[in-house]
Structures are given as structure tokens and as C-alpha cells.
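Each chain, letter by letter, is given below.
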Amino acid sequence: MRDKANIILIGFMGSGKSSVGSRLAKNLEFDFMDMDKEIERITQMDIPSIFKKYGEYHFRSVETALLKSLGAKEKTVISTGGGTAMCAENWKILSELGLLVHLYVTLDTAILRTGGKDRPMLQQDRGQLESMWQKRLLVYQLAEHTVDTEGRSIEEVTQYIVDFIKILKE
Ligand SMILES: Nc1ncnc2c1ncn2[C@@H]1O[C@H](COP(=O)(O)OP(=O)(O)OP(=O)(O)O)[C@@H](O)[C@H]1O
Ligand SMILES: O=C(O)C1=C[C@@H](O)[C@@H](O)[C@H](O)C1
Ligand SMILES: [Mg+2]
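Residues numbered from 1 in each chain as written. Chains lettered and ligands numbered in written order. Predicted model: local features only at pLDDT ≥ 70, side-chain atom pairs only at ≥ 80, totals over all residues. Heavy atoms only, no water.

> Honestly, the packing of helix 4 (residues 56-68) against helix 5 (residues 88-97) in this entry has me stumped. Any pointers?
A pair of packed helices can be characterised by two numbers: the angle between their axes and the separation between those axes. Following both chains from N to C, one finds helix 4 and helix 5 inclined at 30°, their axes separated by 10 Å at the closest point. Considered as vectors, helix 4 and helix 5 are oriented roughly parallel to each other. Handedness of the helix 4/helix 5 crossing: left-handed. Across the interface between the two elements, Thr64, Leu67 and Lys68 of helix 4 pack against Glu89, Asn90, Ile93, Leu94 and Leu97 of helix 5. Here the residues of the contact of helix 4 with helix 5 sort into four nonpolar, two polar and two charged. (Axes fitted to C-alpha atoms, helices over the stretch in contact; angles between N-to-C directions. Helix = DSSP H or I, 4+ residues; strand = E, 2+ residues; numbered from the N terminus. Parallel < 35°, antiparallel > 145°, perpendicular 65-115°, else oblique. Left-handed = near helix turned anticlockwise from the far one by under 90°. Contact = heavy atoms within 4.5 Å. Nonpolar A, V, L, I, M, F, W, Y, C, P; charged D, E, K, R; others polar.)

> Help me understand the nonpolar core in this model?
For soluble globular proteins, nonpolar side chains are generally found buried alongside one another. Among the nonpolar cores identified, the biggest contains 34 residues, and Ile10 and Phe12 are the most heavily contacted of them. Of all the elements in the fold, those that place two or more residues in this core are strand 1 (6-11), helix 2 (35-43), helix 3 (47-54), helix 4, helix 5, strand 4 (98-104), helix 6 (107-114) and helix 7 (126-140). If you tally residues by element for this core, the top one is helix 7, at five residues. What phenylalanine 12 contacts, discounting residues up to four positions off in sequence, is Lys17, Leu103, Val105, Leu107, Ala110, Leu122, Met132, Trp133, Arg136 and Tyr140. (Core = buried A, V, L, I, M, F, W, Y, C linked by side-chain atoms within 4.5 Å. Buried < 20%, exposed > 50% of the residue type's maximum accessible area, 1.4 Å probe, protein only.)

Here it is, written out as C-alpha cells:
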């Protein structure tokens, strides 16, 4: 495996980036950073409130600023937000920061898992959600590894990543 300093989880909302990320970090004895949580800590606002008060464009600029500050990170599992990977500038930073792992989830499962709640980007009609999911998948799939989370528990997804990282290191 290329000696990449960090592991970056990308994927659609509800794919399990936050839940898997914290377990993965524990298992690998890495630090853990959830970008959404970090943005909430820095801004002292929850994400729905940031979207409501300042809009998506502002949220994206905060997200990119946070990414730009992470250059010194090492041995850290970084769980991105669902839209973080979706622009060229962010993609470049992410791929330099670490090994990109895509957690795959279908739209139906994503909606079931999140209950459609607390995610401003899920507040769209079905057709819009489907086209957003399709468009995002094209980008997420460019990650070095994709893990299908369908039918796998959070623990199983975590163990799957631990196992393939171990093999790649051999
Ligand atoms: N493999 C899984 N099996 C069952 N439930 C899961 C799985 N992965 C995540 N979940 C559940 O789905 C919900 C969303 O998970 P999580 O917040 O980790 O997703 P996320 O990818 O971080 O989403 P977001 O992009 O919105 O931050 C949580 O309730 C979590 O427990
Ligand atoms: O998919 C998205 O665009 C988002 C997902 C969440 O993780 C948050 O980053 C925010 O709600 C936007
Ligand atoms: Mg998350």
C-alpha cells in the first residue's frame, strides 16, 4: 500500500462514514475526525442551521477551508460530509491527505438509515434525490477502494476495511 498518512471515508449520506469512521479509528489506533462535527464545533452552529441561515454555498466554503487546514494530519481517520468530495478542489486535497475509501449505499437504504432527517440535502423530491445520488456515485467511485455497505452491519463494514488495509500492508 502506498504510505498514505490518513484514511478518508467518502460516500453518500447514510453510508456510515461517521459511524464506521469512529470504530475504524479505534480499531487502527488512529485519531478520528468527523468533518461535519468539526464544522459544528468551529462555527458553534448545527449543520441544518448553517444551511438555513447562510445557505449551501457558504457551508461548502467552510468545508473547503477546513480541508485546507488538515495538511499536518497523520494517522487519522477522516469522515467527510456527503458532499465534500464533490468538487475538484476538495478532491485534490482529499486524495493528497490519505487513502480514499468509498462507502457505497443505495438511495433507498440511505433514506431508511437517516430517516430523511437532519440532512438539508435530503430535503428534495425523489427525482432530484435520484439524480444527485447518480451524479455523486460517479465521483465517489473514483476512490481507491469501494466497500458495499448493503447488508453489512457497521461492525462488518469496519472489519472489512481493517482486513483489506492489513492485506495491503503485507
Ligand atoms: N452498515 C450499516 N448498517 C446499518 N445501519 C447503518 C450502517 N451504517 C450506518 N448506519 C446508520 O445509518 C445512520 C447514518 O449513519 P452515519 O451518520 O454514520 O452516515 P454518514 O455517512 O456519516 O452520513 P452523513 O453524510 O449525513 O454524515 C446512523 O443511524 C447509523 O447508525
Ligand atoms: O451530502 C451532503 O451534501 C451533506 C451531507 C452531510 O454530511 C453534511 O455535510 C451536510 O448536511 C451536506
Ligand atoms: Mg457523517
